[in-house]
Amino acid sequence: MIPPARRLKPSDKPKSLTTDCHAPRGHTLEHRPMAIEVRIPTILRTYTGGAKSVEGAGSTLAELLGDLDSRHQGLRERLVDDAGLRRFVNVYLNDEDVRFLGGLETPVTDGDTVTVLPAVAGGSR
Amino acid sequence: MSYAHPMLTISSLLYEKIVAHARADHPDEACGVVAGPVGSDRPKRFIAMLNAERSPTFYRFDSQEQLRVWREMDDRDEEPVVIYHSHTATEAYPSRTDISYASEPGAHYVLVSTREPDGCEFRSFRIVDGEVTEEEVRITGESDGAAEAGPGEDGAAAAE
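In what follows, the accompanying structure is described. Keep in mind that what you see is a predicted model, and the values were worked out from it rather than measured. (Residues numbered from 1 in each chain as written. Chains lettered and ligands numbered in written order. Predicted model: local features only at pLDDT ≥ 70, side-chain atom pairs only at ≥ 80, totals over all residues.)

The helix and strand tally for chain B stands at four helices and eight strands. Counting helices and strands in the order they occur from the N terminus, chain B gives β-α-β-β-β-α-β-α-β-β-β-α. Across the 160 residues in chain B, those meeting the buried criterion constitute 41%. Partitioning the intrachain contacts of chain B with sequence separation of at least 6 by distance along the chain shows that 66% fall at a separation of at least 24. (Helix = DSSP H or I, 4+ residues; strand = E, 2+ residues; numbered from the N terminus. Buried ≥ 20, exposed ≤ 12 C-beta atoms within 10 Å, placed from the backbone. Contact = placed C-beta atoms within 7 Å.)

Spelled out as structure tokens, the structure:
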């Protein structure tokens, strides 16, 4: 059986680089177990040392947030409470609001992008 | 960040677009953003947003539309300089709900009240860590031909 082709992303380096023994580490196609990108809004970057995006692992959104919290303590609590996702934030898996998917149980996989945005809402009361 | 002389500077054209949107959606609350280049503090690009709540007392950006608009701003090196919404029966001042949701410390939160059929309250605030600071609104003439003596100049000062 031929294994399924790995889908190349625009960010992948040309193949020649991967065989160059002088290529700097981290710039090749070496295996990276943590491959879900999570984009962090300005207001929460205090938890990520200012980083606009971080990477994490997990098979569901809940697991991913747990994994992130091990390196960015406090981040998870800004996103979820006992009842689930906080109403003050929107969390998207690729292009979909996870509220319309499976919420915290939404499956995630390597190559996905999770985007966090603060919900913009309010009212006269 | 500190704002020694907090002020919103906005063109009369953008001012009028915000007011017109608030009037058009009355009695429901209207909402939207004005994007501008990152770090410029200048609102340039008017984006009316859907109020997913379609309510006279509450607003919420539609989450899918928000993702699209936020990505577009990102691609254009813009940020939400102004986040506006209307109050349709109360004054143009941030409510407790507004304050609890406010999460863009760099944005000017503009409130428009449409409770009076004529005349218009148009006020701007910073909301940082739950603290509200009203700021001056300066309307400039760079209006691409909008009427000079429009409701703008009077409306800016018309609180209460």
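Right, let's get into helix α1 (residues 12-25) of chain B. The terminal C-alpha atoms of α1(B), which comprises 14 residues, lie 20 Å apart, in line with the 20 Å expected from a rise of 1.5 Å per residue. Turning to α1(B), its buried residues are B:S12, B:L14, B:Y15, B:I18, B:V19, B:H21, B:A22 and B:D25. (Expected span 1.5 Å × (residues − 1).)

Right, let's get into the sheet that holds strand β6 (residues 96-97) of chain A. Residue and element names in this part refer to chain A. Strand order in the open sheet made by the five strands is β2-β1-β7-β5-β6, with mixed pairing throughout. Each end of this open sheet is capped by a strand with a single partner; those strands are β2 (53-56) and β6. Contacts from helix α2 (residues 61-71) reach β1 (36-39), β2, β5 (89-93) and β7 (113-118), with the element oriented near 110 degrees to β2. (Pairing = 2+ DSSP bridges. Axes fitted to C-alpha atoms, helices over the stretch in contact; angles between N-to-C directions.)

Right, let's get into the pairing of strand β5 (residues 78-87) of chain B. Residue and element names in this part refer to chain B. Counting buried residues in β5 gives ten out of ten residues, a clear majority hidden from the surface. Across seven bridges, the pairing between strand β2 (residues 31-37) and β5 is antiparallel. Note on β5: the bridge partner recorded for P37 is E78. Sheet topology note: the β5/strand β6 (residues 108-113) ladder contains six bridges and is parallel. Each residue of the ladder has a partner; that of H85, found in β6, is L111.

A word on helix α2 (residues 63-75) of chain B. Taking 1.5 Å per residue as the helical rise, α2(B) with its 13 residues ought to reach 18 Å, and the 18 Å between its terminal C-alpha atoms agrees with that figure. Listed in full, the buried residues belonging to α2(B) are B:S63, B:Q66, B:V69, B:W70 and B:M73. Burial along α2(B) is one-sided: seen end-on, the buried residues are contained in an arc of 125 degrees. Residues of α2(B) that are exposed and point more than 90 degrees away from the buried face comprise B:R68 and B:D75. If you follow the buried residues of α2(B), they end up packed against β5, β6 and β7 of chain A together with β2, β3 (45-49) and β5 of chain B. The positive-phi residue at the C-terminal boundary of α2(B) is B:D77, with phi of around 55 degrees. (Arc of directions from axis to C-beta.)

At the interface, 22 residues of chain B touch 16 residues of chain A. Elements with a minimum of two residues in the side of chain B that touches chain A: β4 (58-60), α2, β5 and α3 (96-101) of chain B. Per element, the largest residue contribution to the side of chain B that touches chain A is five residues, and it comes from α2(B). Counted by class, the side of chain B that touches chain A contains eight nonpolar, ten polar and four charged residues. Relative to β4(B), strand β8 (residues 121-123) of chain A is paired through three bridges, and the arrangement is antiparallel. Bridge assignment links A:A121 to a residue of β4(B), and that residue is B:R60. (Nonpolar A, V, L, I, M, F, W, Y, C, P; charged D, E, K, R; others polar.)

Time to look at the pairing of β2(B). All names here are of chain B. In terms of burial, β2 is largely enclosed, as six of its seven residues are buried. Note that β2 and β3 share five bridges and pair antiparallel. Across the sheet, residue A35 finds its bridge partner in β3, namely R45.

Turning next to the environment of A:V108. As for its position among the elements, A:V108 is in the loop between β6 and β7. Each C-alpha atom of the pair A:V108 and A:G66 lies 13 Å from the other, and the pair is 42 residues apart in sequence.

All names here are of chain B. Overall, mixed pairing links the seven strands, which are arranged β1-β8-β7-β6-β5-β2-β3 in an open sheet. Of all the strands in the sheet, the pair left with one neighbour each is β1 (7-11) and β3. Strand-to-strand twist of the sheet, defined as the mean angle between neighbouring strand axes without regard to direction, takes the value 30 degrees. The strands touched by α1 are β1, β2, β3, β5, β6, β7 (121-128) and β8 (131-140); relative to β1, the strand with the most contacts, the crossing angle is about 90 degrees. In the packing of α2 onto the sheet, the strands contacted are β2, β3 and β5, and the crossing angle to β5 comes to about 145 degrees.

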